[in-house]
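A look at the structure
This is what each chain is made of:
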Amino acid sequence: LYAVYLNHTGIMLSYGIIVASVAMLALAGFLSFRIRLQVKLEGMKLDYRKVLVTPVVAEMYEKGTFSGSGSLTEREILNTNLFSDGYEYKYDSKNECKGVYKDIVFEASDVKETKANTNMSVIGRIFQFEIPTENVNPVIFASATAPAIERMTGQLKVFETGNDEIDKRYMTYAFDENEAKNMINSSLEFKLLSIIKMGLGRVVKICFYNNKVCVYYTSDHLSFEEVLTKKHKTAEEVHNTVKTLSIIDKLIDILK
């Protein structure tokens with residue numbers, strides 16, 4: 001406007017042209033910056049797990065931590081005694097949560113199971129709780145829909161517990177059958193039936209082993225989505241994260 005005024009009055013015509021040119025260059029520069037910024041923002045990919053899930057875990061649990069990539073090794077997964085250990089089976093995990101809830105130390109991870117020369121690929125969630133147990137050797141309860149657990153290391157026996165409610169819903173494995181039968185009581189029955197009633201997944205497995213309890217269930221997706229995008233509804237994502245994590249609370253309340 002100042003340049004137009006100078007040109008209109010006929011005074012300092014050259015100065016007016018210079019002002020107009022500088023103004024146009026400044027405008028062009030700003031528009032160029034704006035366009036480049038918009039392109040950069042639209043192309044930005046944000047892993048919401050780092051900025052949303054991590055602080056929610058830290059807020060919900062004592063010593064709460066979250067790792068989207070680092071998690072259980074294949075050996076640690078097999079040490080839960082919930083999976084077959086044949087050479088054709090491969091396991092990996094991610095989305096690891098750790099912390100303390102009601103004085104119980106826990107860790108939870110997504111687990112992917114694949115079998116060589118087949119199209120089998122199963123996603124599930126595994127939880128490990130440091131809870132006192134009455135047995136030293138592993139005792140495993142697998143829901144009726146679970147495939148057989150085949151262990152090359154150690155002799156794993158399938159037997160009936162003699163408890164109709166448990167035997168109707170679970171197949172029981174043990175390394176020491178007598179030790180396993182000694183731990184069958186109304187308290188254990190309540191815990192096993194309560195976990196089944198949670199409706200976690202098509203397959204549910206539970207292992208009691210030397211002061212540690214492991215729980216596994218299958219799922220059709222990972223616990224926390226991996227699509228990198230900035231288009232997230234924060235309130236909705238916080239709600240979904242809390243809902244996913246609350247399974248830890250419920251399992252501990254049952255098993256403690």
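Attention in this report is confined to the structure presented alongside it. Keep in mind it's a predicted model, so treat the numbers as computed, not measured. (Residues numbered from 1 in each chain as written. Predicted model: local features only at pLDDT ≥ 70, side-chain atom pairs only at ≥ 80, totals over all residues. Heavy atoms only, no water.)

The next point concerns the environment of Glu 107. As for its position among the elements, Glu 107 is in strand β3 (residues 104-115). For Glu 107, a relative accessible area of 22% corresponds to the partly exposed category. Residues within four places of Glu 107 in sequence aside, it is in contact with Leu 72, Glu 96, Cys 97, Lys 98, Ile 126, Phe 127 and Gln 128. (Helix = DSSP H or I, 4+ residues; strand = E, 2+ residues; numbered from the N terminus. Buried < 20%, exposed > 50% of the residue type's maximum accessible area, 1.4 Å probe, protein only. Contact = heavy atoms within 4.5 Å.)

A few words now on empty space enclosed by the protein. The final tally for this structure, using the stated rule, is one cavity of 30 Å³ or more. Size it by volume and the largest cavity reaches roughly 40 Å³. If you go around the largest cavity, the residues you meet are Arg 125, Phe 127, Tyr 217, Ser 223, Thr 244, Leu 245 and Ile 248. If you list the elements that add at least two residues to the lining of the largest cavity, you get β4 (121-129) and α8 (234-255). (1 Å grid on protein atoms, 1.4 Å probe; cavity = no way out; pocket = protein on both sides within 12 Å on 5 of 7 lines; lining within 4 Å. Points joined across faces, edges and corners; volume = space filled by probe spheres on them.)

The α-helix winds at 3.6 residues per turn, so residues separated by three or four positions along the chain end up facing the same way. With 22 residues, α8 should reach 32 Å at 1.5 Å per residue; the first-to-last C-alpha distance of 32 Å fits that figure. The largest bend along α8 measures about 25 degrees and falls at Leu 245. For α8, the complete set of buried residues consists of Glu 237, Thr 241, Leu 245, Ser 246, Ile 247, Ile 248, Asp 249, Leu 251, Ile 252, Ile 254 and Leu 255. (Expected span 1.5 Å × (residues − 1). Bend = angle between axes of the 7 residues up to and from the residue.)

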